[in-house]
Amino acid sequence: MNRKTFYRFTAPSNLLMLTLMVFPIVVAVFMSFHFVTFRNIGSPEFNGVQNYIYILSDPKFWQAFRFSILIVIVTVPFQLVIGFIVALLLDQVQTRLRGILLAGFLLPFIVVPVVGTMMYKQLFQVGGLYAWFFELIFNQSFVFNSTSVRTLILFQLIWYATPYPLVVFFAGLQTLPETHLEAAEVDGASKFQQVFYVILPHLRPLLLMATMILIMDMYRMFDTILVMTEQNPIYHAENLMMYNFRIGMQVQRLGRANATAVITILCVLVVLIPWLRKTYLQVMEKE
Amino acid sequence: MKKTILLVLILAVLFGMSAFAGGQQEAGGEAAAEAAAEFDIEAPEKVTSIDMIGWAFPITEYYADELKKMNAVENLEVNTQLLDSASAQEQVRLALSGGKESPYAIVHASNSQMNEWGFNGWLMTLDDLIEKYGDEYDLDDIPENMWDAATINGKVMGIPITSNTFQLIYREDLFEKHGIEVPETYEEVISAAQKLDENESSIDVAFTMNLHAGWAWEIEFLHFIRAFGGNYINDDNTCAFNSEAGVKALNMLKDISDRAMGQVGMSYSIDDSEIGLQTGRLAFANIWASRASGMLDPDKSNYPDELKFAPSPRPTKNGPRGASTYNDFYCIPKTSQVDKELIFKVIMEAVDLESQERAAGYGIPTRKKAVESEYADVYMPAAMESLAEGVGAYKVSPANPIARTALGEYLPLVGTGELSAKEALKKAEEKFNEEAKAQGFID
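Here the residue index of a chain counts from 1 through its sequence in written order. Throughout, the order in which chains and ligands are written sets their labels, letters from A for the former and numbers from 1 for the latter. Whole-chain, interface and lining totals are the exception, using all residues; otherwise, since this is a predicted model, local features are given only for residues with pLDDT of at least 70 and side-chain atom pairs are given and counted only at 80 or more. Derived side-chain values reflect all non-hydrogen atoms in the structure, with water molecules and hydrogen atoms excluded from consideration.

With 33 residues of chain B at the contact, the number on the chain A side is 29 residues. When two components associate, each loses some accessible surface as probed by a 1.4 Å sphere; the sum of these losses over both components is called the buried area. For the pair chain B and chain A, the summed buried area comes to about 2800 Å², and 52% of that belongs to carbon and sulfur atoms. Any Lys or Arg side-chain nitrogen located within 4 Å of an Asp or Glu carboxyl oxygen qualifies as a salt bridge. Summed over the shared surface of chain B and chain A, the number is 5 salt bridges. For R253(A), the salt bridge goes to E435(B), with nearest N and O atoms at 2.9 Å. For the side of chain B that touches chain A, the secondary structure elements donating two or more residues are α3 (85-97), α10 (244-266), α16 (400-410), α17 (412-415) and α18 (421-438) of chain B. Lys, Arg, Asp and Glu make up the charged group, whereas Ala, Val, Leu, Ile, Met, Phe, Trp, Tyr, Cys and Pro make up the nonpolar group; the residues left over, Gly among them, are polar. Considered class by class, the residues forming the side of chain B that touches chain A number 10 nonpolar, 12 polar and 11 charged. The criterion used for residue contact is that any of the two residues' heavy atoms lie within 4.5 Å. Runs of E in the DSSP output that reach at least two residues are strands. Runs of H or I that reach at least four are helices, and both are numbered from the N terminus.

What describes a pair of aromatic rings is the distance from one ring centre to the other and the angle between the planes of the rings. Ring pairs are drawn from Phe, Tyr and Trp, using the six-membered ring of Trp, whenever the two centres fall within 6.5 Å, and their geometry is named by plane angle: stacked under 30 degrees, edge-to-face over 60, tilted for the rest. In total, this model carries 34 aromatic pairs over all chains according to the counting rule given. Aromatic side chains F61(A) and Y243(A) sit 5.7 Å apart centroid to centroid with 70° between the ring planes, which places their arrangement in the edge-to-face category. Residue F61(A) is located in helix α3 (residues 59-92), and its partner Y243(A) is located in helix α12 (residues 240-250); the two are separated by 182 residues in the primary sequence. Here's how the labels work: a residue is buried when its accessible area is under 20% of the maximum for its type, exposed when over 50%, partly exposed in between, all with a 1.4 Å probe on protein chains only. Judged by relative accessible area, which is 2%, F61(A) ranks as buried. Among the aromatic residues, ring-to-ring pairing joins F166(B), F221(B), Y232(B), F241(B), W288(B), Y326(B), Y394(B) and F432(B) into one connected group. Directly above the aromatic system of Y303(B) lies the positively charged group of R171(B), at a separation of 3.8 Å from the ring centroid. Here, a charge over a ring is recorded when the distance from Lys NZ or Arg CZ to the ring centre is within 6 Å and its angle to the ring normal is within 35 degrees.

Another point: the sheet that holds strand β11 (residues 326-331) of chain B. Strands belonging to one sheet form pairs held by backbone hydrogen bonds; the direction of such a pair is parallel or antiparallel. Residue and element names in this part refer to chain B. In this analysis, strands are considered paired if DSSP registers two or more bridges between them. Spatially, 6 strands are ordered β2-β1-β3-β11-β6-β12 in an open sheet, and the strand pairing comes out mixed. Only two strands of the sheet have a single neighbouring strand rather than two, namely β2 (76-83) and β12 (364-365). In this description, a line fitted to the C-alpha atoms serves as the axis of each element, helices being fitted only across the stretch in contact, and the angle between N-to-C directions of two axes falls anywhere from 0 to 180 degrees. Strands β1 (48-55), β3 (106-110) and β11 of the sheet are contacted by helix α4 (residues 111-119), whose axis makes an angle of about 115° with β3.

The subject of this paragraph is the nonpolar core. Of all hydrophobic cores here, the largest spans 145 residues; its most connected members are F207(B), F221(B), F241(B) and F284(B). Per element, the largest residue contribution to this core is 12 residues, and it comes from α3(A). Domain delimitation in this document rests on an assignment produced automatically or drawn from a domain database. Mapped onto the domain boundaries, this core takes at least three residues apiece from domain 1 (48-164 + 326-389) and domain 2 (166-325 + 396-438) of chain B. In plain words, nonpolar cores are sets of buried Ala, Val, Leu, Ile, Met, Phe, Trp, Tyr and Cys residues tied together by side-chain atoms within 4.5 Å.

What follows covers the pairing of β1(B). All names here are of chain B. Burial analysis of β1 places 6 of its 8 residues in the buried class, the great majority of the element. Across 8 bridges, the pairing between β1 and β2 is parallel. Bridge assignment links I53 to a residue of β2, and that residue is Q81. Remark: the β1/helix α2 (residues 58-69)/β2 crossover connection has right-handed handedness. Bridge count between β1 and β3: 2 bridges; the pairing is parallel. Looking across to β3, one finds that M52 is bridged to I106. The handedness of a crossover follows from its direction of travel: if, with the strands pointing away from the viewer, the path from the first strand over the helix to the second runs clockwise, the crossover is right-handed.

The extent of an interface is frequently quoted as the accessible surface area lost upon association of the parts. All names here are of chain B. Domain assignment breaks chain B into domain 1 (48-164 + 326-389) and domain 2 (166-325 + 396-438). Around 2100 Å² of area is buried between domain 1 and domain 2 when both sides are counted, 58% of it from carbon and sulfur atoms. Linking domain 1 with domain 2 are 3 salt bridges. Note that R321 and E389 form a salt bridge whose closest N and O atoms lie 2.9 Å from each other. Nitrogen and oxygen atoms within 3.5 Å of one another constitute a polar contact, given that in protein one can donate a hydrogen and the other can accept it, and given that sequence-neighbouring residues count only through two side-chain atoms. Counting the contacts that link domain 1 with domain 2 gives 9 residue pairs in polar contact (both at pLDDT 80 or more). Of all the secondary-structure elements, those providing two or more residues to the side of domain 1 that touches domain 2 are α4, α6 (144-149), β4 (151-152), β11 and α15 (380-389). Broken down by element, the residue count for the side of domain 1 that touches domain 2 peaks at 6 residues, all from α15. Per-class residue counts for the side of domain 1 that touches domain 2 are 10 nonpolar, 8 polar and 5 charged.

Okay, structure coming up:
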């Protein structure tokens, strides 16, 4: 296919991407250099880099940044490891039960995040099942405080997003030729060695992709944290998205909210660019 | 032969069905015409949609149903969308801030939004229509202070549809068992809570008030600072909350949370308090009056006969009660392209006296005559006392939402001991000054 044909074929999707993705980002960058509230949204006032200076010198921004990183560092490895183990186990099930189990494991991913989090939170609230267990075991009521709320958020996110790597790895396992494992077995490889030297290398591209997507997903988590904290500052559980939401919708400083959004996108790109570069180089090598 | 019989049978069934459907349509048409005759609304010449957006609680759900009844009027389509409060307000801000045609003909606003949206110039003034239809809909029956809360720069911008306040809900049986009088002041609340904590094993928490979130702290703070003679902002929009009255108010809130509620009580949301009272885990609470009807419903409450109602306690001995006045309004966006008079009449029909009398079963109506309706529940006298002897409504000022946001950000940190009352108010003042200055409300 020559370049011209390629561009013609991809033009509709490129146009759609420009309209839906690039244009809003350009507007966000423009707004980030202006003083904008809901009152003057029609005539923003240019204020240079003041919004960026404010955001980067706001201790609450850095607190939110740290919590966002904590979420990624804690939840993504758990999601990957649990997802991988469950996918391996599921791959061993050869009966009809496999479909039922797979559907069951996918449930957290199907439930709307807000609804899932509300149900999860209710378990720990007055009259909730886990609150009752907690009281039974520790002889004291369950209390929502900074430690408990932050911990519950991390657990909820692990529960919510684990089905994603599970499905990806399970699909990858279906493409692994039986002969590879049989050959390893004949060579005397133990089950662990089969996992480390045959299965994991086979799943490596999927593992990289799942890791990238989970990192971005956890980094921009919003619904779960909003429902769990109700924006109560005592929990110290504000991540970058919540910080952005508060600055934009409560304080109504839309310029600052857009500056936060731009900084957030830049942070994601720091993680994303090496991966995109690597993928590009691989494609070029193949060509 | 068989085929002929089958054909005749099919035709007979089809004929019967069409006759039945025709009859139903006729009956439905009659019902619609009857319903349409109930409303004093002239049918628009062409199909007109009136979309309402608001948030859900029992009385607004009732009003939404009343609005939908107007669909019986020819060529009129009334659609209602009830979300959670934050989402509804966000939708309205996004829809109205750009200055383009509003997708909503009716927007639900409470005092805060009335301040914000009214001063932003997003709402229509209704004085001319109130003047025109005042007698027909007996609008003098709605108290003057409620109209004041809807008045921005001397122009009325909303129709008051419901009121809300706080009241004390308590377990009469437990109070009698331990010889406790219904508290009149917060000092008495602390004593009663401590007595129940020590002697009543059936409860988890003795007392709760609304301190589970930043905005909840801010609301209780308003009750206390007003009771101590202070206020949020001065007439020139400068900060007034960082004052002696403010420090006293915040210290008292901290004292109540430490001595009467404890860590568990402080983590109780409004829903938790409601469930706590209904399930017997909580002995008494100062809670929204709009939650009272749930206490008497035997399907929801285990103690419908034991739970009783009293006006909110007083923060100071002879001062006002620790309960503010809240109103909700229906407003018309300035950029709505629907006939203003038609929207106004639709609102009026939905909140007329007859409708508000029934609304009294779901919350506090705004018409004086409706409060005494046969539908009004037993909690109404206590709620009315809280309204009459309470601290009143938020000051109508464009800087008020900024003060509320700033306070909501720092006050909860006093509860956890991270900040002292003075430190929290100082930080909130700095935040308020920065925002109020940037938005041009102060120099």
